[in-house]
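Summary of the model geometry
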Amino acid sequence: MPPKGRIVVKEIYCKGCELCVSACPQGVLALAPDRINSKGYHPAELIEQGCTGCGVCTVVCPEAAIVVYREVKARSQSGA
Ligand code: SF4
Ligand code: SF4
């Protein structure tokens, strides 16, 4: 099963450049068509499930507007 992740876009910093949208290998990002931030840009948002938490979007974002969280599986306590 692929790893699971989620992102938080700090919308106030987003300038709608779409670099993250183009770079996301899962194709789960888009600019929100119905919202505009205080700078007048449509901010990026997660549009569907499938984020793996790979971090590519946060690396390419020139505004450091994306925080990525990745699910961490608990290690087995059995010692097996
Ligand atoms: S962390 Fe990876 S999969 Fe998730 S939105 Fe960003 S680029 Fe896409
Ligand atoms: S790369 Fe950053 S600034 Fe550009 S659209 Fe994505 S979140 Fe916004």
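See above for the structure.
Reference entry: report on the structure contained in this document. This one's a predicted model, so the numbers in the text were calculated from it and none came from an experiment. Each residue is numbered by its place in its chain's sequence as written, counting from 1. Following the order in which they are written, the chains are lettered starting with A and the ligands numbered starting with 1. Totals for whole chains, interfaces and linings use every residue, but because this is a predicted model, local features are given only for residues with pLDDT of at least 70 and side-chain atom pairs only at 80 or more, for both listing and counting.

Section: the site of ligand 2
Worth spelling out the cut-off: Near, as applied to residues and a molecule or strand, means the residue's backbone-placed C-beta atom lies within 6 Å of it. For this scheme, ten residues count as nonpolar: Ala, Val, Leu, Ile, Met, Phe, Trp, Tyr, Cys and Pro. Four count as charged, namely Asp, Glu, Lys and Arg, and the remainder, Gly too, count as polar.
Around ligand 2 lies a shell of 14 residues, among which Cys14, Cys17, Cys20, Ala44 and Cys61 are the nearest. Residue composition of the shell around ligand 2, by class: ten nonpolar, one polar and three charged.

Focus on the site of ligand 1
Applicable threshold: Under the scheme used here, helices are H or I runs from DSSP no shorter than 4 residues and strands are E runs no shorter than 2 residues, and both carry numbers assigned from the N terminus.
Around ligand 1 lies a shell of 14 residues, among which Cys24, Cys51, Cys54, Val56 and Cys57 are the nearest. For the shell around ligand 1, the elements supplying multiple residues, two or more each, are strand 1 (5–9) and helix 2 (56–60).

A few points about the environment of Ala65
Mapping Ala65 onto the fold places it in the loop between helix 2 and strand 4 (66–70). Remark: the alpha-carbon pair of Ala65 and Val9, spanning 56 residues in sequence, is separated by 5.6 Å.

Quick look at unusual backbone geometry
Most peptide bonds are trans, and most residues other than glycine sit at a negative phi. Even without being a glycine, Glu18 presents a positive backbone phi close to 70°. A positive phi angle, close to 50°, is found at Ala64, a residue other than glycine.

Some points on the environment of Cys51
Our working definition: In this scheme every C-beta is placed from the backbone, and a residue whose C-beta has 20 or more other C-beta atoms within 10 Å is buried, one with 12 or fewer is exposed, and one in between is partly exposed. Throughout, a residue-residue contact means that the two C-beta atoms, derived from backbone geometry, are no farther apart than 7 Å.
You can see Cys51 is positioned in the loop between strand 3 (44–46) and helix 2. Owing to 21 C-beta atoms within 10 Å, Cys51 belongs among the buried residues under this scheme. Sequence separation of Cys51 and Gly27 is 24 residues, and the distance between their C-alpha atoms is 8.6 Å. Setting aside residues up to four positions removed in sequence, Cys51 forms contacts with Gly5, Arg6, Ile7, Gln26, Val28 and Leu46.

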